[in-house]
Amino acid sequence: MKVMIIGGGGREHAIACSVAKSSRVDKIYCAPGNAGIAKVAECVNIGVMDFDAQVEFAKKEGIDLCIVAPDDPLVAGAVDAFEAAGIRAFGPRANAAILEGSKAFSKDLMKKYGIPTAAYENFDNPEDALKYLESAPMPIVLKADGLALGKGVLICNTLEEAKAGVKEIMMDKHFGDAGNRLVVEEFMTGREVSVLSFVDGSTIKTMTSAQDHKRAKDNDQGLNTGGMGTFSPSPFYTKEIADICMEKIFVPTVKAMKSEGREFKGVIFFGLMLTKDGPKVLEYNARFGDPETQVVLPRMKNDIIDVMEACIDGTLDKIDLQFEDNAAVCVVLASAGYPEKYEKGFEIKGLENFEGRDDCFVFHAGTKFSDDKKVLTNGGRVLGVTALGSDLKTARANAYKATEYISFDNKYMRNDIGKAIDEA
Ligand code: AMP
Ligand code: GLY
């Protein structure tokens with residue numbers, strides 16, 4: 001069959017590698033893809049939001065399945081557009097992707113259905129938000145309602161910071177229209193864990209757990225980023241905690257969406273915090289995580305196409321989802337200066353060291369080809385180096401060893417990805 005993937009980052013490269021392993025797939029296209037994805041798929045120069053061009057291309061090529069990976073097109077209705085043209089697509093429709101597209105919606109849903117999460121208030125105007133903050137306990141968390149490249153969350157330690165945050169989000173519109181509404185949320189403490197799951201509208205099957213490292217610098221200092229590295233599984237996400245999450249969070253979320261007439265098919269990514277009062281939802285995403293996917297999919301035993309089709313067809317209960325009993329660590333190689341100002345266009349050397357390997361992988365995030373077919377840096381996050389190992393410590397040692405295979409000017413990485421493993 002012919003498969004098309006929408007997106008062009010490290011997550012999409014990991015998805016493309018999984019799809020390439022399927023015996024059922026003859027040809028993969030990726031729009032727009034990147035220099036790494038080009039090794040396993042034919043990249044087509046169509047933007048992730050250009051639904052008309054995507055549908056036209058899919059019709060012309062006779063695509064059997066489209067996988068929509070990023071949040072923006074999902075929330076804007078990419079899956080609806082494919083379905084309207086009679087093309088099968090993996091991912092939630094817009095009316096279900098709102099689970100990620102509006103934090104105010106997801107908080108109200110959790111409240112209505114008793115799903116554990118931080119206490120909160122939603123605000124439509126800055127005056128009410130400012131008045132509320134006067135008597136609110138600090139620290140407090142401010143979240144822009146809409147999509148903001150994972151950056152619309154401010155943790156404020158003082159009333160002054162919180163007031164400045166309201167101005168930044170609602171008045172100065174730092175995150176654009178995402179800041180038309182504001183969620184003000186209780187500050188929680190605990191370990192974070194990411195749990196990705198396949199959902200077919202009724203049945204949910206969780207993938208192995210992972211933990212992200214969102215801050216730019218070692219010891220969780222510096223600005224929030226799209227993610228600087230991950231490990232899987234999380235040793236803190238025990239069987240006991242997983243059972244509680246399944247009963248109190250995962251199944252209730254899928255049921256709630258169905259009850260609301262917003263049947264969810266695709267991937268739900270639960271961002272959880274393990275608090276002393278039990279696991280609570282930090283956020284929902286309506287898609288695979290980046291860079292969680294880069295440590296989760298290399299450990300999956302199933303044919304990804306079988307699983308995705310089961311989600312579309314409502315037959316996920318028939319799938320025995322299985323993961324290897326090993327571990328994976330991904331270290332992101334970024335451009336120095338990310339997530340603020342950075343230079344790009346530098347030649348990347350050493351990529352050939354990963355060819356033919358099945359114990360370590362290099363997933364391209366921001367790369368492109370030069371006219372003479374060299375691979376150049378083309379973004380803040382450039383590559384994700386993933387390595388497997390029999391346990392987390394071995395995987396971490398392997399991943400850091402593999403980062404040494406790669407060189408480019410202004411290469412930057414965190415040196416403490418997976419440090420939490422030592423505390424387990
Ligand atoms: P989110 O995009 O909602 O996952 O938020 C980004 C990051 O902000 C999370 O990974 C947490 O580290 C932090 N965060 C979000 N909400 C809270 C909260 N209520 N309490 C403490 N930290 C939070
Ligand atoms: N790694 C967090 C995300 O994909 O949103």
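A brief report on the enclosed structure follows. (Residues numbered from 1 in each chain as written. Chains lettered and ligands numbered in written order. Predicted model: local features only at pLDDT ≥ 70, side-chain atom pairs only at ≥ 80, totals over all residues. Heavy atoms only, no water.)

### With respect to helix H5 (residues 94-101)
Because an α-helix completes one turn every 3.6 residues, residues spaced three or four positions apart along the sequence face the same direction. Among the residues of H5, those classed as buried are Ala96, Ala97, Leu99, Glu100 and Gly101. Among the structural elements, helix H3 (71-76), helix H6 (103-112), helix H9 (239-259), strand S15 (265-275) and strand S16 (278-285) are those in contact with the buried residues of H5. (Buried < 20%, exposed > 50% of the residue type's maximum accessible area, 1.4 Å probe, protein only. Helix = DSSP H or I, 4+ residues; strand = E, 2+ residues; numbered from the N terminus. Contact = heavy atoms within 4.5 Å.)

### Remarks on the packing of H5 against H6
Pairs of packed helices are described in terms of their axes, by the angle between the two and the distance that separates them. The N-to-C vectors of H5 and H6 enclose an angle of 90°; their axes lie 6 Å apart at closest approach. In this view, H5 runs roughly perpendicular relative to H6, as classed from their interaxial angle. On the side of H5, the interface is formed by Ile98, Leu99 and Gly101, while H6 contributes Lys103, Phe105, Ser106 and Leu109. Among the residues making up the contact of H5 with H6, the classes are represented as 4 nonpolar, 2 polar and 1 charged. (Axes fitted to C-alpha atoms, helices over the stretch in contact; angles between N-to-C directions. Parallel < 35°, antiparallel > 145°, perpendicular 65-115°, else oblique. Nonpolar A, V, L, I, M, F, W, Y, C, P; charged D, E, K, R; others polar.)

### Observations regarding unusual backbone geometry
With omega at 0°, the peptide bond leading from Ala31 into Pro32 counts as cis. For Pro32, the position within the fold is in strand S2 (residues 27-32). Cis geometry is found at the peptide bond from Ser232 to Pro233, where omega equals 0°. Within the fold, Pro233 resides in the loop between strand S14 (229-232) and H9. Residue Asn219 is not a glycine yet carries a positive backbone phi of 60°. Within the secondary structure, Asn219 sits in the loop between strand S12 (215-217) and strand S13 (221-224).

### Observations concerning the side chain of Asp303
In this structure, Asp303 sits in the loop between helix H10 (293-296) and helix H11 (304-313). A polar side-chain atom of Asp303 sits 2.8 Å from the main-chain amide nitrogen of Ile305. In this structure, Asp303 is in contact with Ser22, Ser23 and Arg24, ignoring residues within four places of it in sequence. (Polar contact = N/O pair within 3.5 Å; in protein donor to acceptor, adjacent residues only side chain to side chain.)

### Description of the site of ligand 2
Taken together, Asp212, Gly226, Phe269, Asn285, Arg287, Gly289, Asp290 and Glu292 are the residues near ligand 2. Take Glu292: an N or O atom from its side chain is 2.7 Å from a nitrogen atom of ligand 2. Relative to its unbound accessible area of 200 Å², ligand 2 is 89% covered by the protein chains. Grouping the constituent residues of the shell around ligand 2 by class yields 1 nonpolar, 3 polar and 4 charged. (Near = heavy atom within 4 Å. Areas by Shrake-Rupley, 256 points an atom, 1.4 Å probe, with all protein chains shown as cover.)

### Some details on helix H8 (residues 159-171)
Its 13 residues give H8 an end-to-end C-alpha distance of 17 Å, which sits within 8% of 18 Å, the value for a rise of 1.5 Å per residue. Inspection of H8 places Leu159, Ala162, Gly165, Val166, Ile169 and Met170 among the buried residues, and these make up the whole buried set. The buried residues of H8 occupy one face: seen down the axis, they fall within an arc of 115°. Along its buried surface, H8 packs onto strand S6 (120-123), helix H7 (126-134), strand S7 (140-144), strand S8 (153-156) and strand S9 (182-186). Lys173 sits one or two residues past H8 and shows a positive phi near 55°. (Expected span 1.5 Å × (residues − 1). Arc of directions from axis to C-beta.)

### Some details on the sheet that holds S6
Taken together, the 4 strands give an open sheet; going across it, the order is S6-S9-S7-S8, and neighbouring strands pair in antiparallel fashion. The open sheet terminates on both sides in strands that have one partner only, identified here as S6 and S8. Each strand axis lies, on average, 20° off the axis of its neighbour in the sheet, ignoring direction. Alignment of S6 against S9, held across 4 bridges, turns out to be antiparallel. For Asn122, the partnering residue across the bridge sits in S9 and is Val183. The strands that H6 touches are S6, S7, S8 and S9; relative to S6, the one it contacts most, it runs at about 140°. Those strands touched by H7 are S6, S7 and S9, and its axis lies near 155° from that of S6. (Pairing = 2+ DSSP bridges.)

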